[in-house]
Amino acid sequence: MGKIPLSLTIVFSFYLLNVATADPMTDCIALSEGGQYRKALQFCQESCNLYGLGCTNLGWLYEKGKGVSQDYRQAITYYKKACSMNDELGCNKLGAFYDLGLGVSQDYQQAKTYYEKACKLNSGNGCVNFGNLYAMGLGVSPDYQQAKTYFEKACDLMFGPGYVGLGWLYEEGKGVSQDYQQAKTYYEKACDLDEGAGCTNLGWLYEKGKGVKQDYQQAKTYYEKACDLNEGNGCNNLGLLYDKGNGVRQDYQQAETHYEKACKLNSGYGCNHLGNLYAKGFVSSSMWRGLDYYKKACELNVGTACLAAGNYLRYEVYETEKITEVKRDQARFPGYITRDEKKARITYYEKACALNEGYGCMEFGYYLYHIEDDIEQAKKYLDKSCNMNVGRGCSILGSLYQQGIIGWVNNRPRPDYQQAAKYFEKACDLDYAYGCTKLARLYYDGNLTFITGHEVAVEASLFRQQRKEFLELNAIKYFSKACDLKEDFGCVLLGGIYEDKKDYQNAEKYYKKAYDLNHNYSNRYYNFIKRIK
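Fair warning: this is a prediction, and the values are worked out from it, not measured in the lab.

### What to know about the overall build of the chain
Link 1 in the chain: For the chain, the helix and strand inventory stands at 28 helices and zero strands.
Link 2 in the chain: By the burial criterion, 49% of the 533 residues in the chain qualify as buried.
Link 3 in the chain: Pairs at least 24 apart in sequence give 50% of the contacts found in the chain among residues at least 6 apart.
Link 4 in the chain: For the chain, the exposed surface amounts to about 25,900 Å²; the carbon and sulfur share of it is 45%.

The structure is reproduced here in structure tokens:
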């Protein structure tokens, strides 16, 4: 959320209104500059018969819906004509439409063709966007040397985003040796050219102390310039300094101001952080406003915001009609939600998972199992969450194997304790306390196989004793970890094991800890005290 990822740098700089040329182009430009788009339309149409730039201007009117109904297909028609007349701006815009799938199916090969032509026609935009395709491996195999070549050409054309691209390559060590000093040099050049992304990334180097001495004041200076240049992520990072009190006095109002501007500039992180301020009640009594910002951040592909939006909507349905913000706030938070919002919750979890937010995968997988009864799909998403180190996801999967819900045979559950133990163990390793308790119970209940490698050679009675000791030792081990992680039931069961072993000192210790964690265990604790007196 600090620096500007290269994948976000499809450059749309479009110098529509400040190119001096002969009539009717002059009238097209002058009227457009004055906001008289309907009048401009006629002159732009006439200029399209004469100049490629005229067609580009006409395409822009259709793209933005200025003086006409917005129509991407018409815009594409005019951009194609402009590009055929060797107008570099038209070629670059056409490439962007194919890159993003606006009015056409997304097609990186077509985007590559038009970006390449734009670059050959000395469009800095085209060179940067063409370089991005190579840097990100979109429609081509990743090739950082090729990306570097095109970013360098953009720099030769004094186009700021080219310096941002080069800085990114050196910062990340992509196709070159990682070199923060070199990255800093390129970001400085970009910032000097008033390229906001360069200022943001330069500020990030100072904030994190990458290749320079950590300096929050310098970071603040560059973030302020980026924000003044309407670079959304710069505003977001400036807001974060005030939010966390890094280098400045903590000030949630200032944080709100900068996050709000970031969000208006379509910074997903800005919207997400603004949502956090409302959700935590730092800037307003209306915590429900946080949901609106999480929704927008989710639309801008911030996975944590999709998860947060889903969590907002996970409570009972109280109303079927539209609910006012005032009525929401009269309720005990989280308060009222509509039926439609209840349904939307799952959509947010699914998108969070698609954006590699592990807890979103876990919530979506649990929904598929618990509500949809789709075990196969549930396992897929729970597996993904577990692979992303979400302990609860691993634990839920373990429970499904333990109960035999995964792997039914002849319409009957078939428990698989070994698989269950595998997932419980990973959950426990991830410090998910209930996973430790569940694993301990498998040992405690004798559900796991004891393998010594020489059990055939030992007497049956000795083998049984070894197995008992093995299971008990592992039960104690995992109950102990669960209890250390403040899982009260693990403490209770551990106390019971020690009481059975007549180790009353440890039994009292763990019963007392269970009681301290949950007063519902008061009878267990006090009855034990009575028994040993």
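### Here's the deal with the packing of helix α3 (residues 52-64) against helix α5 (residues 88-100)
Link 1 in the chain: For the pair α3 and α5, interaxial distance at closest approach is 9 Å and the crossing angle is 35°. Of the residues in α5, those touching α3 at Leu 53, Thr 56 and Glu 63 are Leu 89, Gly 90, Lys 93 and Phe 97.
Link 2 in the chain: In terms of residue class, the contact of α3 with α5 is built from three nonpolar, two polar and two charged.

### Examining the nonpolar core
Link 1 in the chain: By size, the foremost hydrophobic cluster in this structure holds 103 residues, and its most contacted members are Leu 58, Tyr 62, Leu 94, Tyr 187, Tyr 294, Tyr 312 and Phe 364.
Link 2 in the chain: Residue contacts for Tyr 62: discarding those within four places in its chain leaves Leu 41, Gln 45, Val 68, Ser 69, Gln 70, Asp 71, Gln 74, Ala 75 and Tyr 78.
Link 3 in the chain: Within the second largest apolar cluster, 46 residues are counted, among which are Val 390, Tyr 401, Ala 440 and Ile 497.

### A word on a negative patch on the surface
Link 1 in the chain: Together, Glu 372, Asp 373, Asp 374 and Glu 376 line one region of the surface with negative charge.
Link 2 in the chain: Structurally, Asp 374 can be placed in the loop between α20 (358-370) and α21 (375-387).

### Some details on the confidence of the model for the chain
Link 1 in the chain: Overall, the predicted model of the chain reaches an average pLDDT of 88, with 87% of residues at or above 70.
Link 2 in the chain: Of all the helices and strands in the chain, helix α18 (residues 325-330) carries the lowest mean pLDDT, 51, while helix α12 (residues 216-228) carries the highest, 98.
Link 3 in the chain: When the criterion is pLDDT under 50, residues 316-321 qualifies, and its contacts beyond four places in sequence or with other chains add up to 17 contacts.
Link 4 in the chain: Under a pLDDT of 50 for its full length, residues 330-334 has, in the predicted model, seven contacts with residues more than four places off or in other chains.

### Remarks on the state of the cysteines
Link 1 in the chain: Under the defined criterion, the tally for this structure stands at twelve disulfides.
Link 2 in the chain: Disulfide pairing is shown between Cys 28 and Cys 44; the S-S distance is 2.0 Å. Where Cys 28 bonds to Cys 44 through sulfur, the torsion about that S-S bond is close to 80°, and the disulfide is right-handed. With Cys 28 in helix α1 (residues 25-33) and Cys 44 in helix α2 (residues 37-48), the pair connects residues that are 16 residues apart, well separated along the chain.
Link 3 in the chain: Sulfur-sulfur distance for the disulfide between Cys 48 and Cys 55 comes to 2.1 Å. Negative torsions about the S-S bond denote left-handed disulfides, and the value of about 95° found for Cys 48 with Cys 55 makes this one right-handed.
Link 4 in the chain: The class of Cys 48 is buried, set by a relative accessible area of 2%.

### Some words on α5
Link 1 in the chain: Relative to the 18 Å expected for 13 residues at 1.5 Å per residue, α5 spans 18 Å between its end C-alpha atoms, a close match to the ideal helical length.
Link 2 in the chain: Of all 13 residues in α5, eleven are buried, a share of seventy percent or more.
Link 3 in the chain: Three or more residues of α5 are buried, namely Leu 89, Gly 90, Cys 91, Asn 92, Lys 93, Leu 94, Gly 95, Ala 96, Phe 97, Tyr 98 and Asp 99.
Link 4 in the chain: Contacts from the buried residues of α5 go to α3, α4 (72-84), α6 (108-120) and α7 (124-136).
Link 5 in the chain: Just beyond α5, the residue with positive phi is Gly 101, at close to 75°.

### Remarks on the pattern of salt bridges
When the charged atoms of two side chains with opposite charge come close together, those side chains can pair.
Link 1 in the chain: Tallying each qualifying case throughout the model produces 15 salt bridges.
Link 2 in the chain: Between Glu 152 and Lys 148 there is a salt bridge, and its shortest N-O distance comes to 2.7 Å. Of this pair, Glu 152 and Lys 148 both sit in helix α8 (residues 144-156), four residues apart, roughly one helical turn.
Link 3 in the chain: For Glu 152, a relative accessible area of 30% translates into the label partly exposed.
Link 4 in the chain: Taking relative accessible area as the criterion, Lys 148 reaches 17% and is therefore assigned buried.

### Overview of the packing of aromatic side chains
Link 1 in the chain: For the coordinates displayed, the defined rule picks out 27 aromatic pairs.
Link 2 in the chain: Both rings, one in Tyr 443 and one in Tyr 478, keep their centres 6.0 Å apart while their planes meet at 10°; by these two values the pair is stacked. Remark: Tyr 478 occurs in helix α25 (residues 460-484) and Tyr 443 occurs in helix α24 (residues 433-444); sequence separation between them is 35 residues. Of the two residues, Tyr 443 and Tyr 478, neither departs from the other in class, the shared state being buried.
Link 3 in the chain: Ring geometry for Tyr 515 and Tyr 526: centres 5.7 Å apart, planes at 65°, overall edge-to-face. Of the two residues, Tyr 515 sits in helix α27 (residues 504-517) while Tyr 526 sits in helix α28 (residues 522-532), which places them eleven residues apart along the sequence.
Link 4 in the chain: When its relative accessible area of 42% is taken as the criterion, Tyr 526 is described as partly exposed.
Link 5 in the chain: Here the aromatic residues Tyr 72, Tyr 79 and Phe 97 are joined through ring pairs into a cluster of three or more.
Link 6 in the chain: Above the plane of the ring of Tyr 366 lies Arg 392, whose end atom (NZ or CZ) is 5.6 Å from the centre.

### Thoughts on unusual backbone geometry
Link 1 in the chain: Positive phi, normally seen in glycine, also occurs at Asn 86, with a value near 65°.
Link 2 in the chain: Note on placement: Asn 86 falls in the loop between α4 and α5.
Link 3 in the chain: For Lys 502, which is not glycine, the phi torsion reads 60° and is therefore positive.
Link 4 in the chain: One can find Lys 502 in the loop between α26 (488-500) and α27.

### Observations concerning the environment of Arg 38
Link 1 in the chain: Looking at the secondary structure, you find Arg 38 in helix α2.
Link 2 in the chain: Distance in space between the C-alpha atoms of Arg 38 and Gly 67 is 4.4 Å, their sequence separation being 29 residues.

### With respect to the side chain of Lys 184
Link 1 in the chain: With respect to the helices and strands, Lys 184 occurs in helix α10 (residues 180-192).
Link 2 in the chain: Judged by relative accessible area, which is 15%, Lys 184 ranks as buried.

Cut-offs applied
- Residues numbered from 1 in each chain as written.
- Predicted model: local features only at pLDDT ≥ 70, side-chain atom pairs only at ≥ 80, totals over all residues.
- Heavy atoms only, no water.
- Helix = DSSP H or I, 4+ residues; strand = E, 2+ residues; numbered from the N terminus.
- Buried < 20%, exposed > 50% of the residue type's maximum accessible area, 1.4 Å probe, protein only.
- Contact = heavy atoms within 4.5 Å.
- Areas by Shrake-Rupley, 256 points an atom, 1.4 Å probe, with all protein chains shown as cover.
- Axes fitted to C-alpha atoms, helices over the stretch in contact; angles between N-to-C directions.
- Nonpolar A, V, L, I, M, F, W, Y, C, P; charged D, E, K, R; others polar.
- Core = buried A, V, L, I, M, F, W, Y, C linked by side-chain atoms within 4.5 Å.
- Patch = residues over 30% accessible without salt bridge, like charges linked within 9 Å, V, L, I, M, F, W, Y side chains within 5 Å.
- Salt bridge = Lys/Arg side-chain N within 4 Å of Asp/Glu carboxyl O.
- Lys, Arg positive; Asp, Glu negative; His and termini not counted.
- Charge placed at Lys NZ, Arg CZ, Asp CG, Glu CD.
- pLDDT = per-residue confidence, 0-100.
- Disulfide = S-S within 2.5 Å.
- Expected span 1.5 Å × (residues − 1).
- Phe/Tyr/Trp six-rings, centres within 6.5 Å; stacked < 30°, edge-to-face > 60°.
- Lys NZ or Arg CZ within 6 Å of the ring centre and 35° of its normal.

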